[in-house]
Amino acid sequence: TVVLTAKEYDLLIHFASHPGRVYSRAQLLDQVWGYGYDGYEHTVNSHINRLRGKIESDPANPRYVLTVWGVGYRFAEPQELA
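Residues numbered from 1 in each chain as written. Predicted model: local features only at pLDDT ≥ 70, side-chain atom pairs only at ≥ 80, totals over all residues. Heavy atoms only, no water.

K.L.:
Which parts of the structure should I look at to understand the packing of helix H1 (residues 6–17) against helix H2 (residues 25–33)?
P.N.:
In a pair of packed helices, the angle between the axes and the distance between the axes together describe the arrangement. At their nearest, the axes of H1 and H2 sit 10 Å apart, and the two run at 110° to each other. Overall, the two elements H1 and H2 adopt an arrangement that is roughly perpendicular. The element H1 and its partner H2 pack so that their crossing is right-handed. Contacts between H1 and H2 involve Lys7, Asp10, Leu11, His14 and Phe15 from the former and Leu28, Gln31, Val32 and Trp33 from the latter. (Axes fitted to C-alpha atoms, helices over the stretch in contact; angles between N-to-C directions. Helix = DSSP H or I, 4+ residues; strand = E, 2+ residues; numbered from the N terminus. Parallel < 35°, antiparallel > 145°, perpendicular 65-115°, else oblique. Left-handed = near helix turned anticlockwise from the far one by under 90°. Contact = heavy atoms within 4.5 Å.)

Next up, the structure:
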């Protein structure tokens, strides 16, 4: 059992519903938080880090929530997890 905050849960559901699709921080703010403002992009990073800490066996080398350098984040595709 993993205990997630409401926003961590929303973020996980959003990623898992669209495996492989890359989202920028601004897109995640718009689609998960419901607003877009550059000043809050660090919020995305903080939530990603906390989510990884809860669902990844090694958060420093994530399997599920992956960073796409210079672009944003994506959820691993099923074949990557096999």
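K.L.:
In this structure, what is going on with the pattern of salt bridges? I would like to understand it.
P.N.:
Counting across every chain of the model gives four salt bridges. Lys54 is paired through a salt bridge with Glu8; the nearest N and O atoms lie 2.7 Å apart. Of this pair, Lys54 sits in helix H3 (residues 41–55) while Glu8 sits in helix H1, and the two are 46 residues apart along the sequence. A salt bridge links Arg74 to Glu80, with the nearest nitrogen and oxygen atoms 2.7 Å apart. Here Arg74 falls in the buried class, since its relative accessible area comes to 16%. (Salt bridge = Lys/Arg side-chain N within 4 Å of Asp/Glu carboxyl O. Buried < 20%, exposed > 50% of the residue type's maximum accessible area, 1.4 Å probe, protein only.)

Without other data, these values stay purely geometric and don't point to any function.
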